[in-house]
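Observations on chain architecture
Single-letter residue listing:
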Amino acid sequence: IKNEANKVDYSLSTKEVFLKCGLYFVIVSALFSTVTTQSQKTFASIMFVENYNDVSSSLGNTLTIVFLIAGLVGTLLAGKLCKSVKNQVVGMMLSIAPMIPALIVCSFVGSVPIVGMVSCFSLVAVCEAFNGLLRTRYTMAFAKFGKSGLASGVLNSAMSVSFVIASYIVPLLIENLG
């Protein structure tokens, strides 16, 4: 028995499918959220120790556990909310929106109380968890075009590039710009 509901549409080119499904916006979202999150995991404890006199190295490292817990909470919330998101692209772009003001606050490290910094970093972790879960579900949209594997590969490549940016370029910028 042939199932017409699962029929694959091969009439569109790859570029047209990517444009139609908003993959380019997803790549931007993935780059931004992954670079932000990886940089946060790398530099948060160092920022706390260097900018707050009351924070020792062990406390700075312990505070990063709060971000991991916030990410877990974000994943649980995302699991409940993802099913109600009709357009994953819009959901991903909206999930990075709260990260921007939080990151602006984080740029004032040392002048903002430590509780505020931990809260902002935790908000970033929650938003990244939501974004990541939407990103995982997103590639299912390409199945009807027969290009879900290609979309997953392109998205994984973008994630790899974002890890390179977070691991090499961001530290280089921080070292040179202060």
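For clarity, every value in this text was computed on a predicted model and none was experimentally measured.

1. Description of the overall build of the chain
- Scanning the chain from N- to C-terminus turns up 7 helices and 0 strands.
- Start at the N end of the chain and walk to the C end: the helices and strands fall as α-α-α-α-α-α-α.
- Counting only C-alpha atoms and orienting by the principal axes, one finds that the chain spans roughly 70 × 35 × 25 Å.
- For the chain, the proportion of contacts with a sequence separation of at least 24, taken over those separated by at least 6, is 80%.

2. Considering the side chain of Ser29
- Mapped onto the elements, Ser29 comes out in helix α2 (residues 23–51).
- Taking relative accessible area as the criterion, Ser29 reaches 0% and is therefore assigned buried.
- If we skip the residues at most four places from it in the chain, Ser29 touches Met92, Met93, Ile96, Asn131 and Arg135.

3. Topic: helix α3 (residues 57–81)
- With 25 residues, α3 extends 37 Å between its outermost C-alpha atoms, agreeing within 8% with the 36 Å of an ideal straight helix rising 1.5 Å per residue.
- Listed as buried for α3 are Gly60, Leu63, Thr64, Phe67, Ala70, Gly71, Gly74 and Ala78.
- On its buried face, α3 sits against α2 and α6 (114–138).

4. Looking at the nonpolar core
- Formed by 21 residues in total, the largest nonpolar core has its most connected members in Tyr138 and Phe142.
- Apart from residues no more than four positions distant in its own chain, Phe142 is found in contact with Val17, Phe18, Cys21, Leu23, Lys147, Ser148 and Ala151.
- Core analysis: the second largest hydrophobic core is formed by 19 residues, Phe48, Cys106, Cys120 and Phe121 among them.

5. Let's talk about the packing of aromatic side chains
- Inspection of the entire model under this criterion finds 4 aromatic pairs.
- Seen from their ring centres, Phe48 and Phe121 are 5.9 Å apart, and the 70° between their planes marks the pair as edge-to-face. In this pair, Phe48 is assigned in helix α2 and Phe121 in helix α6, connecting sequence segments 73 residues apart.

6. Quick look at a nonpolar patch on the surface
- A cluster of nonpolar side chains, Ile65, Leu68, Ile69, Val73, Leu77 and Leu81, forms an exposed patch at the surface whose accessible area comes to about 530 Å².
- Residue placement: Ile65 occurs in helix α3.
- With a relative accessible area of 45%, Ile65 lands in the partly exposed category.

7. Notes on the pattern of salt bridges
- Summed over the entire model, instances satisfying the criterion amount to 1 salt bridge.
- One salt bridge connects Arg135 with Glu128, and the closest N-O pair in it is separated by 3.2 Å. Here Arg135 matches Glu128 in class, with each residue buried.

8. A short note on the packing of α3 against α6
- Viewed as axis vectors pointing N to C, α3 and α6 meet at an angle of 40°, and their least axial separation amounts to 7 Å. As the angle between them shows, α3 and α6 are arranged oblique. Regarding α3 and α6, the two cross each other, and that crossing is right-handed. Every residue of α6 that contacts α3 at Leu63, Val66, Phe67, Ala70, Gly71, Gly74, Thr75, Ala78, Gly79 and Leu81 is listed here: Ile114, Val118, Phe121, Ser122, Ala125, Val126, Ala129, Phe130 and Leu133.

9. Focus on the confidence of the model for the chain
- Of the residues in the chain, 93% have a pLDDT of 70 or more, and the chain-wide mean is 82.
- Mean pLDDT values over the elements of the chain span from 75, in helix α1 (residues 14–21), up to 89, in helix α5 (residues 99–106).

10. Examining the packing of α2 against helix α7 (residues 148–177)
- The geometry of α2 relative to α7 is characterised by a closest axis approach of 8 Å and an angle of 40° between their N-to-C directions. Taken together, the axes of α2 and α7 are oblique relative to one another. In terms of crossing hand, the pair formed by α2 and α7 is right-handed. Facing α2, whose interface residues are Leu23, Val26, Ile27, Ala30, Leu31, Thr34, Val35, Gln38, Ser39 and Phe43, α7 presents Val154, Leu155, Ala158, Met159, Val161, Ser162, Phe163, Ile165, Ala166, Val170, Pro171 and Ile174.
- Split into classes, the residues belonging to the contact of α2 with α7 amount to 18 nonpolar, 4 polar and no charged.

What counts and how
Residues numbered from 1 in each chain as written. Predicted model: local features only at pLDDT ≥ 70, side-chain atom pairs only at ≥ 80, totals over all residues. Heavy atoms only, no water. Helix = DSSP H or I, 4+ residues; strand = E, 2+ residues; numbered from the N terminus. Contact = heavy atoms within 4.5 Å. Buried < 20%, exposed > 50% of the residue type's maximum accessible area, 1.4 Å probe, protein only. Expected span 1.5 Å × (residues − 1). Core = buried A, V, L, I, M, F, W, Y, C linked by side-chain atoms within 4.5 Å. Phe/Tyr/Trp six-rings, centres within 6.5 Å; stacked < 30°, edge-to-face > 60°. Patch = residues over 30% accessible without salt bridge, like charges linked within 9 Å, V, L, I, M, F, W, Y side chains within 5 Å. Areas by Shrake-Rupley, 256 points an atom, 1.4 Å probe, with all protein chains shown as cover. Salt bridge = Lys/Arg side-chain N within 4 Å of Asp/Glu carboxyl O. Axes fitted to C-alpha atoms, helices over the stretch in contact; angles between N-to-C directions. Parallel < 35°, antiparallel > 145°, perpendicular 65-115°, else oblique. Left-handed = near helix turned anticlockwise from the far one by under 90°. pLDDT = per-residue confidence, 0-100. Nonpolar A, V, L, I, M, F, W, Y, C, P; charged D, E, K, R; others polar.

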